[in-house]
Amino acid sequence: MHAGMLGHLLLIFIVLFQPVAARSAETPENVCLQCHGAMTGRTGEPVKLWRGSIHAENGISCNGCHGGDPKDAANAMSPERGFLGVPKAKDIPAFCGRCHLGVMKDFQASGHGRALGNGGPTCVTCHGNHQVLKATPDLINEKSCSRCHGFERAREIKSAMQETERLISSLDARIIGYKKIGGDVDRLEKGLFSLRNRFHSLFHSVDVEKVKKESAQITTELKKLEAAVTEMDTTRQQRKVAGAVAVAAALAAALLFHLLGRTYHDR
Ligand code: HEC
Ligand code: HEC
Ligand code: HEC
Ligand code: HEC
Ligand code: HEC
């Protein structure tokens, strides 16, 4: 490639990428946040709570849930722009389920879903509405789960999930460890990812027998991944030993050459 062509490519590169940077700087701020952020009380509080949420972290703003037009302050909350308003309790699962379809289906089929509008919880009973955080089994606790019934069944679900959860975290840490040093962990990573997804969608069934059975199955699969990681540990240990032997051999050879050299020079 000669210099002129390189110059052209450079120019194309600049033309293509500069306007993108300029445009994103011009993008107007979400008007829902601007207006509600300046309010206090019932209409301002959601902004503060939302800022610390997993939705804020992932770019899901007010309009992601409530609809409306985040670019046009005058018509932001008009139904013609898709504004949905505030959902009634019985409509909340469908409201959240637009994005969390799998969870919604599991929920609807569950004891909780069947009790919707009849003393059962909705998504926000457990996750909150604006300050939704990353979900963990810690959401299953006596304070939260014994508001409507005894904690006994909840405790059974939790203990069935605990061992699996622990195994997932420890495998995750070990696989990341290999990834950092450039290990080929693609297959293991994908395996863990899909098992983790299967596991995390289990809870909403609130079916004690199902959770027990599937957690046990998932644990069996996880143990297979664990064995593969342990095998990598062993291979790596052997390589280290082999490496140490090779280094020792090289040092011995160097010493030999040195000594031979000395013998040669001394002559
Ligand atoms: C120019 C100011 C302004 C903008 C822009 C704005 N809002 Fe509002 N919003 C308000 C005010 C004022 C209220 C209170 C109205 C009332 O109590 O009747 C409100 C109320 C709401 C409510 C509660 C409605 C109810 O029935 O209680 C929601 C939800 C809401 N806004 C969401 C949004 C979303 C989503 C956007 C962006 C798409 C947005 N707002 C943009 C000023 C604004
Ligand atoms: C994850 C979905 C979600 C997001 C994102 C979200 N909301 Fe809400 N919001 C809800 C739900 C659900 C309710 C109904 C709450 C309930 O019944 O507990 C609600 C209720 C409200 C209300 C009525 C509160 C009341 O006490 O009457 C206002 C106002 C509101 N949201 C504004 C906002 C604003 C402003 C944003 C952006 C900062 C926002 N919401 C982001 C889900 C969301
Ligand atoms: C009775 C309490 C409860 C209710 C009701 C509930 N959840 Fe959950 N949710 C949990 C718990 C506990 C976890 C964590 C499970 C885990 O870590 O394995 C969770 C996990 C999640 C996750 C992350 C796991 C995944 O599969 O991605 C999402 C998303 C979620 N819930 C959304 C919802 C939505 C949407 C609804 C309503 C349709 C809902 N939840 C209803 C307690 C609840
Ligand atoms: C516009 C789409 C959208 C809507 C509507 C929505 N969410 Fe989410 N939610 C997301 C995205 C994107 C994430 C972050 C990625 C992920 O973990 O799935 C997320 C994450 C979550 C998580 C954490 C999942 C985890 O992996 O730990 C929970 C819990 C959750 N949402 C609950 C809710 C609840 C409850 C509602 C209704 C009040 C709701 N969401 C409405 C898009 C949405
Ligand atoms: C808002 C009230 C409410 C809250 C909070 C609540 N539940 Fe429930 N739960 C119900 C109702 C109603 C039923 C159905 C009637 C029954 O079986 O007791 C139910 C049923 C159950 C069942 C039996 C389901 C079946 O199919 O047999 C389990 C297990 C359960 N809940 C676990 C939990 C856990 C775990 C939590 C906390 C994360 C929780 N619940 C929080 C209202 C609630």
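Residues numbered from 1 in each chain as written. Chains lettered and ligands numbered in written order. Predicted model: local features only at pLDDT ≥ 70, side-chain atom pairs only at ≥ 80, totals over all residues. Heavy atoms only, no water.

In the annotation of an unreviewed UniProt entry, the protein is listed under the name Ubiquinol cytochrome C oxidoreductase, cytochrome C1 subunit and assigned to Trichlorobacter ammonificans. The record in UniProt for the protein states the following under Cofactor (unreviewed entry): "heme c". Listed under Subcellular location (unreviewed entry) in UniProt, the entry text for the protein is "Cell envelope". (UniProt positions renumbered as here; feature names shortened; annotations may be inferred.)

Draft legend 1. Main features of the site of ligand 3. Around ligand 3 sit 19 residues, and of these Cys123, Cys126, His127, His200 and His204 come closest. The contact in question runs from a nitrogen atom of ligand 3 to an N or O atom on the side chain of His127, over 2.8 Å. Contact between ligand 3 and His200: an oxygen atom at 2.8 Å from a side-chain N or O atom of the residue. A total of three residues in the shell around ligand 3 trace back to one element, the largest contributor, which is helix 9 (residues 123-127). Split into classes, the residues belonging to the shell around ligand 3 amount to eleven nonpolar, eight polar and no charged. (Near = heavy atom within 4 Å. Polar contact = N/O pair within 3.5 Å; in protein donor to acceptor, adjacent residues only side chain to side chain. Helix = DSSP H or I, 4+ residues; strand = E, 2+ residues; numbered from the N terminus. Nonpolar A, V, L, I, M, F, W, Y, C, P; charged D, E, K, R; others polar.)

Draft legend 2. Molecular detail of the site of ligand 1. With respect to spatial proximity, 18 residues lie near ligand 1, and among them Cys32, Cys35, His36, Arg42 and Met77 are the closest. Between ligand 1 and His36, the relevant distance is 2.8 Å, taken from a nitrogen atom to a side-chain nitrogen or oxygen of the residue. Arg42 places a side-chain nitrogen or oxygen 3.0 Å from an oxygen atom of ligand 1. For the shell around ligand 1, the secondary structure elements donating two or more residues are helix 2 (31-37) and helix 5 (62-66). Per-element tally for the shell around ligand 1: the top contributor is helix 2, with four residues. Of the residues in the shell around ligand 1, the class split is ten nonpolar, six polar and two charged.

Draft legend 3. View of the coordination of the iron atom of ligand 5. Those donors, His112 (NE2) and His149 (NE2), are the protein atoms that reach the iron atom of ligand 5, and they lie 2.0 Å from it. Classification of the site at the iron atom of ligand 5 rests on its six donor atoms, whose angles at the metal span 87 to 180 degrees, yielding the label octahedral. Placement of His112 in helix 8 (residues 111-114) and of His149 in the loop between helix 10 (142-145) and helix 11 (152-180) is noted, with a sequence separation of 37 residues between them. The partly exposed category is assigned to His149, whose relative accessible area is 33%. (Donors = N, O, S within 2.8 Å, 3.2 Å for Na, K, Ca; no water. Tetrahedral: all angles 85-135°; square planar, octahedral: opposite > 155°, others 65-115°. Buried < 20%, exposed > 50% of the residue type's maximum accessible area, 1.4 Å probe, protein only.)

Draft legend 4. Structural context of the side chain of Ser61. Along the chain, Ser61 turns up in the loop between helix 4 (54-57) and helix 5. Side chain to side chain, Ser61 and Asn30 meet in a polar contact 3.0 Å long.

Draft legend 5. Representation of the UniProt feature "transmembrane region" (unreviewed entry) in the protein. Here, UniProt's "transmembrane region" (unreviewed entry) annotation points to residues 241-261. Annotated as residues 241-261, this span is 100% helix and 0% strand, and its ends, taken at the C-alpha atoms, are 30 Å apart.

Draft legend 6. Inspection of a nonpolar patch on the surface at higher detail. On the surface, a cluster of nonpolar side chains totalling about 360 Å² of accessible area is made up of Leu256, Phe257 and Leu260. Note that Phe257 resides in helix 13 (residues 208-266). Using a relative accessible area of 63% as the deciding quantity, one classes Phe257 as exposed. (Patch = residues over 30% accessible without salt bridge, like charges linked within 9 Å, V, L, I, M, F, W, Y side chains within 5 Å. Areas by Shrake-Rupley, 256 points an atom, 1.4 Å probe, with all protein chains shown as cover. Salt bridge = Lys/Arg side-chain N within 4 Å of Asp/Glu carboxyl O.)

Draft legend 7. Spatial organisation of the nonpolar core. Judged by nonpolar contacts, the single largest core of 24 residues is most densely connected at Leu192 and Leu222. Elements that contribute at least two residues to this core include exactly helix 11, helix 12 (186-200) and helix 13. No other element matches helix 11, which puts nine residues into this core. Discounting residues that sit within four places of it in the chain, Leu222 has contacts with Thr164, Leu167, Ile168, Leu171, Leu192 and Leu195. (Core = buried A, V, L, I, M, F, W, Y, C linked by side-chain atoms within 4.5 Å. Contact = heavy atoms within 4.5 Å.)

Draft legend 8. Summary view of helix 11. The terminal C-alpha atoms of helix 11 lie 42 Å apart, and with 29 residues this matches the ideal 42 Å at 1.5 Å per residue to within 8%. Along its length, helix 11 reaches its greatest deviation from straightness, about 30 degrees, at Gln162. Among all positions of helix 11, only Ala154, Ile157, Lys158, Ala160, Met161, Thr164, Leu167, Ile168, Leu171, Ile175 and Tyr178 are buried. Directly after helix 11, the chain includes Gly182, whose backbone phi takes a positive value near 80 degrees. (Expected span 1.5 Å × (residues − 1). Bend = angle between axes of the 7 residues up to and from the residue.)

Draft legend 9. Local environment of the side chain of Ser205. Relative to the helices and strands, Ser205 resides in the loop between helix 12 and helix 13. The exposure class of Ser205 is buried, given its relative accessible area of 13%. Among the polar contacts made by the side chain of Ser205, one reaches the main-chain carbonyl oxygen of Leu202 at a distance of 3.0 Å. What Ser205 contacts, discounting residues up to four positions off in sequence, is Asp106, Ser110, Gly111, Lys210 and Val211.

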